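Summary of structural features
This is what each chain is made of:
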Amino acid sequence: QVQLVESGGGLVQAGGSLRLSCAASGHTFSFYVMSWFRQAPGKEREFVAGIRWSDGTTNYADSVKGRFTISRDNSKNTVYLQMNSLKPEDTAVYYCAAENYYRGSWSLAHTYDYWGLGTQVTVSS
């Protein structure tokens, strides 16, 4: 049974920073890619950033490029999302997700096999 557990969310002022963590357990660690998605109230879940587990290749949504950085620690089975220069529009529940093999796109939520429960990020203006 795979479990993904997010942590690190909270309340921050605009321009501030937060680092989210996603710890994976219960699996011989062989994910193809792990990603962060977010969902704001009344909006669809959207792709934020992803990292290929084998070689660290990354991919970002245009809205966060240059501000967010995704990274991984293979020894800890953990993925991080460093968020800098936060904006009020970054406010959302942030979810960690993992997929076992490539299904054509990193940014489609329905292709992911495992999800965490989410962590709230609130950016005040």
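Coordinates for the structure precede this section.
Quantities reported herein were computed from a predicted structural model and do not represent experimental measurements.

1. Re the packing of aromatic side chains
By the definition in use, this model includes 7 aromatic pairs. Taken together, the ring pairs connect Phe37, Phe47, Tyr95, Tyr112 and Trp115 into an aromatic cluster. Its end group placed over the ring of tryptophan 53, arginine 72 keeps NZ or CZ at 6.0 Å from the ring centre.

2. Notes on the sheet that holds strand S7 (residues 68–73)
The strand order S1-S3-S8-S7 describes an open sheet built from 4 strands, whose pairing is antiparallel. Edge strands, defined here as strands with exactly one partner in the open sheet, are strand S1 (3–7) and S7. Strand-to-strand twist across the sheet, computed as the mean angle between neighbouring axes with direction ignored, equals 15 degrees. Direction of pairing for strand S3 (residues 18–25) relative to strand S8 (residues 78–83): antiparallel, over a ladder of 6 bridges. Bridge pairing links alanine 23 to threonine 78 in S8.

3. Details of the state of the cysteines
Summed over all chains, the structure comprises 1 disulfide. Note that cysteine 22 is cross-linked by a disulfide to cysteine 96, the S-S spacing being 2.0 Å. When the S-S torsion is -75 degrees, as for the bridge of cysteine 22 with cysteine 96, the disulfide is left-handed. Of this pair, cysteine 22 sits in strand S3 while cysteine 96 sits in strand S9 (residues 92–99), and the two are 74 residues apart along the sequence.

4. Some words on unusual backbone geometry
We note that asparagine 77 has phi near 50 degrees; this positive angle belongs to a residue other than glycine. Note that asparagine 77 resides in the loop between S7 and S8. Located in the positive-phi region is serine 85, a residue other than glycine, with phi close to 50 degrees. Along the chain, serine 85 turns up in the loop between S8 and S9.

5. Considering the nonpolar core
Counting residues in each nonpolar core, the largest one holds 35 residues, and the members touching the most others are Leu4, Met34, Trp36, Leu81, Met83 and Tyr94. Secondary-structure elements contributing two or more residues to this core are S3, strand S4 (33–39), strand S5 (46–52), S7, S8, S9 and strand S11 (119–124). Among the elements that make up this core, the one with the highest residue count is S9 (5 residues).

6. Some words on the pairing of S7
In this sheet, S8 lies alongside S7 in antiparallel orientation, the contact comprising 6 bridges. Paired with phenylalanine 68 across the strands is methionine 83, a residue of S8. Linking S7 back to S8 in an antiparallel pair, the connection comprises 4 residues, with asparagine 77 at a positive phi of about 50 degrees.

About the thresholds
- Residues numbered from 1 in each chain as written.
- Predicted model: local features only at pLDDT ≥ 70, side-chain atom pairs only at ≥ 80, totals over all residues.
- Heavy atoms only, no water.
- Phe/Tyr/Trp six-rings, centres within 6.5 Å; stacked < 30°, edge-to-face > 60°.
- Lys NZ or Arg CZ within 6 Å of the ring centre and 35° of its normal.
- Pairing = 2+ DSSP bridges.
- Helix = DSSP H or I, 4+ residues; strand = E, 2+ residues; numbered from the N terminus.
- Axes fitted to C-alpha atoms, helices over the stretch in contact; angles between N-to-C directions.
- Disulfide = S-S within 2.5 Å.
- Core = buried A, V, L, I, M, F, W, Y, C linked by side-chain atoms within 4.5 Å.
- Buried < 20%, exposed > 50% of the residue type's maximum accessible area, 1.4 Å probe, protein only.

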